[in-house]
Amino acid sequence: MKQYKIALIKGDGIGPEIIDEAVKVLDAVASCCDMEFSYQEALMGGCAYDITGDPLPQETIQIALSSDAVLFGAIGGEKWDNLPREKRPESGLLRFRKELGVYANLRPAVVYDELINASSLKPEVVKGVDLMVVRELIGGIYFGEPKGRDENKGWNTMVYTRPEIVRIAHTAFKIAMERDKKVCSIDKANVLDVSQLWREVVEEVAKEYPEVKLSHMYVDNAAMQLIRDPKQFDVMLTGNIFGDILSDEASMLSGSIGLLPSASVGAKIGVYEPIHGSAPDIAGQGIANPIATISSASMMLRYALGEIAAADKIDAAIKRALSEGYRTQDLAQYDAKEVCSTSEMGSIIANYVAKCKH
Ligand code: IPM
Ligand code: MG
């Protein structure tokens, strides 16, 4: 029997509730796919600050690095918004990504047919959307120097080096080879020097993937095209901040940000997390949608552990729950047969996983 060590970082707000549901589903898949998970919890975010004075305790990094993968909930909340920047939960997350070297953030946006009416866009615009944002995660303006502020000025710097662009471009092209073989690289090369280099380097890397069709788009146009005709995209390759913005936008194609998972990968360990935040306003009420996290657990099985059949089972169970009309609050108005709580949704999906034949 295969055994996997999973680090669980529940975090703040709805983080603990949604991770608990993903664990329920993982345990269901373990018992029918002949594997076993052992979980170790680690602190990060506001809860870590409250207990240790640091949003990212050293122990958390060690636990993560000694695991096969990290399953992550969400961090942050108003309570910690006024702390000095380096004590804020978000700083902990950025440091964590950097320490783990997870330079590639994969954010798929898929529209489930069952939820075709949930999008704020017309059904014919979103039906069949299946795209992947490949976002560079540990460089760009989030990390560039110099940065700082005084009373009258604040400044950050968008920097990318050639090797940073090369490695994320390879990730995007490799993913495209497994998909529809199209990469659209997003930049602002009409204004930014850093984007000119980005474009040049992506062109060079593209030569190694002659089967993949490469196009370039300015980020402002991409924001518009994403809602005008999202089906034109297969893989969208972006820098850090452009990908942050465009992936939130892309999530709305699917109808709820509570549906979308992500994987952050690099040379070492991968981090699997929903793209949404900690939603402190709804925490503890049992109304959060756990599907993004359950779907992140599926990405973890697929990408980190190579357990493709198990991942397929989870994906099928999510689809089945939606097609049978189960909906959490966020999607209650869209063809719901039954509105369920966070934990009911987790149990329904876990139950479908357990019933699903090999
Ligand atoms: C995300 C989040 C983070 C980011 C924040 C919380 C630092 O928005 O993962 O998209 O900007 O990367
Ligand atoms: Mg974001």
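Predicted, not measured: the structure shown is a model, and the values here were computed from it.

Definitions and cut-offs
Residues numbered from 1 in each chain as written. Chains lettered and ligands numbered in written order. Predicted model: local features only at pLDDT ≥ 70, side-chain atom pairs only at ≥ 80, totals over all residues. Heavy atoms only, no water. 1 Å grid on protein atoms, 1.4 Å probe; cavity = no way out; pocket = protein on both sides within 12 Å on 5 of 7 lines; lining within 4 Å. Points joined across faces, edges and corners; volume = space filled by probe spheres on them. Helix = DSSP H or I, 4+ residues; strand = E, 2+ residues; numbered from the N terminus. Nonpolar A, V, L, I, M, F, W, Y, C, P; charged D, E, K, R; others polar. Core = buried A, V, L, I, M, F, W, Y, C linked by side-chain atoms within 4.5 Å. Buried < 20%, exposed > 50% of the residue type's maximum accessible area, 1.4 Å probe, protein only. Domains from an automatic or database assignment. Contact = heavy atoms within 4.5 Å. Axes fitted to C-alpha atoms, helices over the stretch in contact; angles between N-to-C directions. Parallel < 35°, antiparallel > 145°, perpendicular 65-115°, else oblique. Left-handed = near helix turned anticlockwise from the far one by under 90°. Near = heavy atom within 4 Å. Polar contact = N/O pair within 3.5 Å; in protein donor to acceptor, adjacent residues only side chain to side chain. Areas by Shrake-Rupley, 256 points an atom, 1.4 Å probe, with all protein chains shown as cover. Salt bridge = Lys/Arg side-chain N within 4 Å of Asp/Glu carboxyl O. Buried area = accessible area lost by both parts, 1.4 Å probe. Expected span 1.5 Å × (residues − 1).

### Quick notes on empty space enclosed by the protein
A complete count under the given rule lists two cavities of 30 Å³ or more for this structure. In this structure, the largest cavity encloses a volume near 80 Å³. If you go around the largest cavity, you meet 13 residues; those closest to its centre are Met158, Tyr160, Ser195, Gly239 and Phe242. For the lining of the largest cavity, the elements supplying multiple residues, two or more each, are strand E8 (182-187), helix H7 (193-206) and helix H9 (240-251). Residues of the lining of the largest cavity, tallied by class, amount to eight nonpolar, four polar and one charged. If you go around the second largest cavity, the residues you meet are Arg107, Pro108, Ala109, Val133, Ser247, Ala250, Ser251, Leu260, Pro261 and Ile275. Mapped by element, the contributors of at least two residues to the lining of the second largest cavity are strand E4 (104-110) and H9. Split into classes, the residues belonging to the lining of the second largest cavity amount to seven nonpolar, two polar and one charged.

### With respect to the nonpolar core
The nonpolar side chains of a soluble globular protein tend to be buried with one another. Ranked by internal contacts, the top residues of the largest apolar core, which has 94 residues, are Phe37, Leu71, Leu131 and Leu301. Per element, the largest residue contribution to this core is 10 residues, and it comes from helix H1 (residues 15-33). Shared between two domains, this core takes at least three residues from each, and those domains are domain 1 (1-112 + 256-358) and domain 2 (120-254). When near neighbours in sequence (up to four residues on either side) are disregarded, Leu71 contacts Ile6, Ala7, Leu8, Ile9, Ile19, Ala22, Leu26, Tyr272, Thr293, Ser296, Ala297 and Met300. In this structure, Ile61, Leu93, Val102 and Leu137 belong to the second largest nonpolar core, which totals 18 residues.

### Thoughts on the packing of helix H10 (residues 291-304) against helix H11 (residues 308-323)
Relative to each other, H10 and H11 sit at 160 degrees, their axes nearing to 7 Å. The pairing of H10 with H11 is recorded here as roughly antiparallel in orientation. At the point where H10 passes H11, the crossing takes the left-handed sense. In this structure, H10 uses Ile291, Ile294, Ser295, Ser298, Leu301 and Arg302 to contact H11, whose residues at the interface are Ile308, Ala310, Ala311, Asp312, Ile314, Asp315, Ile318 and Leu322.

### Examining the site of ligand 1
In the vicinity of ligand 1, the contacting residues are Glu90, Arg97, Arg107, Arg135, Tyr142 and Asp244. Between ligand 1 and Arg107 there is a distance of 2.9 Å, counted from an oxygen atom to a side-chain nitrogen or oxygen. In this structure, Arg135 approaches ligand 1 through a side-chain N or O atom, which is 2.8 Å from an oxygen atom. Against a free-state accessible area of 320 Å², the protein chains account for coverage of 76% of ligand 1. Taken together, the residues of the shell around ligand 1 break down into one nonpolar, no polar and five charged. A domain-level breakdown of the shell around ligand 1 finds at least three residues from each of domain 1 (1-112 + 256-358) and domain 2 (120-254).

### Regarding the pattern of salt bridges
Overall, the coordinates contain 21 salt bridges when judged by the stated rule. Notably, a salt bridge pairs Glu21 with Lys24, separated by 2.7 Å at the nearest N-O pair. With Glu21 and Lys24 both in helix H1, this residue pair falls three residues apart, about one helical turn. For Arg302, the salt bridge is made with Asp315, and the minimal N-O distance between the two is 2.8 Å. With Arg302 in helix H10 and Asp315 in helix H11, this pair connects stretches of sequence that are 13 residues apart. Since its relative accessible area comes to 23%, Arg302 is described here as partly exposed.

### Notes on the domain arrangement of the chain
Looking at the chain, the domain boundaries give domain 1 (1-112 + 256-358) and domain 2 (120-254). On a C-alpha basis, the centres of domain 1 and domain 2 stand 24 Å from each other. Counting residues at the interface gives 21 residues for domain 1, matched by 25 residues for domain 2. Buried area between domain 1 and domain 2, summed over both chains or domains, comes out near 2,100 Å², and the portion from carbon and sulfur atoms is 64%. Looking only at domain 1, the three residues that lose the most surface to domain 2 are Tyr103, Arg107 and Val111, adding up to 32% of its buried area. The interface formed by domain 1 and domain 2 holds zero salt bridges in total. One can count eight residue pairs in polar contact (both at pLDDT 80 or more) joining domain 1 with domain 2. Top element by residues in the side of domain 1 that touches domain 2 is E4. It accounts for seven residues. Class assignment of the residues belonging to the side of domain 1 that touches domain 2 gives a composition of 14 nonpolar, four polar and three charged.

### With respect to the side chain of Ser195
With respect to the helices and strands, the residue Ser195 is situated in helix H7. With a relative accessible area of 4%, Ser195 lands in the buried category. With residues near it in sequence (within four places) discarded, Ser195 still touches Asp187, Lys188, Ala189 and Phe242.

### A short note on H1
Look at H1: 26 Å from first C-alpha to last across 19 residues, which is about the 27 Å you get at 1.5 Å a residue. Burial runs high along H1: 14 of the 19 residues are buried. The first or second residue beyond H1 is Asp34, which carries a positive phi of 60 degrees.

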